[in-house]
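These are the residues of each chain, in order.
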Amino acid sequence: MSKKLLVAYDGSEPSKKALRIAEDIASLDPSIQIVLVHVMRLFSSGAAAAGIDTVIMDESASITQELAQIADSIPNPVEVRILKGSSPADLIINAAKDEGADMIIMGSRGVGGVKGYLGSVSYGVVKDSPITVMIAKEAD
């Protein structure tokens, strides 16, 4: 049985389903820990990207608040991490290693993915992760 679950969350329906799956697993044992991570993707920025930086920071503040509310609603031990970088798959895998997670649970695609397909981030995590990855598919 898993003892520490890392859940990649971006507010998309598949990531919400991943969260519900993690909560179901964690309900089996109150000692199971959940680490909620959100990737704040950083892009090369210059003078033209100043507006983008503001939008990303606003989005991150909103998702951080949402994750804090989610964490408060889960009876198991929960940590929230905001990961910053340009390679979401690598950030998620490294966070799982750093946290000592034994399973990653994530949606099949994020907010920008094409419906019905495994997104590039979920594909990268499945391909390169040394631990079990559970993919929550969107309902048809």
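Coordinates for the structure precede this section.
A quick note: this is a predicted structure, and the numbers were derived from the prediction, not measured.

A.B. asks: Any chance you could break down the nonpolar core for me, citing the residues and the numbers?
C.D. replies: Membership of the largest hydrophobic core comes to 19 residues, with the highest contact counts inside it found for Leu5, Val7, Leu19, Ile34, Leu36, Ile70 and Ile105. Going through the elements one at a time, β1 (4–8), α1 (13–26), β2 (33–41), α2 (50–73) and β4 (103–107) are the ones with two or more residues in this core. The contact partners of isoleucine 105, leaving out residues within four places of it in the chain, are Leu5, Leu6, Val7, Ala8, Ala18, Ile21, Ala22, Ile25 and Met134. Core analysis: the next-biggest nonpolar cluster, separate from the first, contains 16 residues, Val39, Ile92, Ile93 and Ala101 among them.

A.B. asks: So, helix α4 (residues 120–128): which residues are in play, and what are the values?
C.D. replies: Every buried residue of α4 is accounted for by Ser122, Gly124 and Val125. Summarising the axial view, the buried residues of α4 lie within an arc of 160°, below the 170-degree limit, and thus occupy one face.

A.B. asks: Any chance you could break down the pairing of β1 for me, citing the residues and the numbers?
C.D. replies: Counting buried positions along β1 gives 5 out of 5 residues, so the element sits mostly inside the fold. Side chains Lys4, Leu6 and Ala8 of β1 all project onto a buried face; the interleaved residues Leu5 and Val7 project onto the opposite face, where all are buried too. As paired strands, β1 and β2 are joined by 5 bridges and run parallel to one another. By the bridge assignment for β2, alanine 8 is matched with valine 37.

Calculation notes
Residues numbered from 1 in each chain as written. Predicted model: local features only at pLDDT ≥ 70, side-chain atom pairs only at ≥ 80, totals over all residues. Heavy atoms only, no water. Core = buried A, V, L, I, M, F, W, Y, C linked by side-chain atoms within 4.5 Å. Buried < 20%, exposed > 50% of the residue type's maximum accessible area, 1.4 Å probe, protein only. Helix = DSSP H or I, 4+ residues; strand = E, 2+ residues; numbered from the N terminus. Contact = heavy atoms within 4.5 Å. Arc of directions from axis to C-beta. Pairing = 2+ DSSP bridges.

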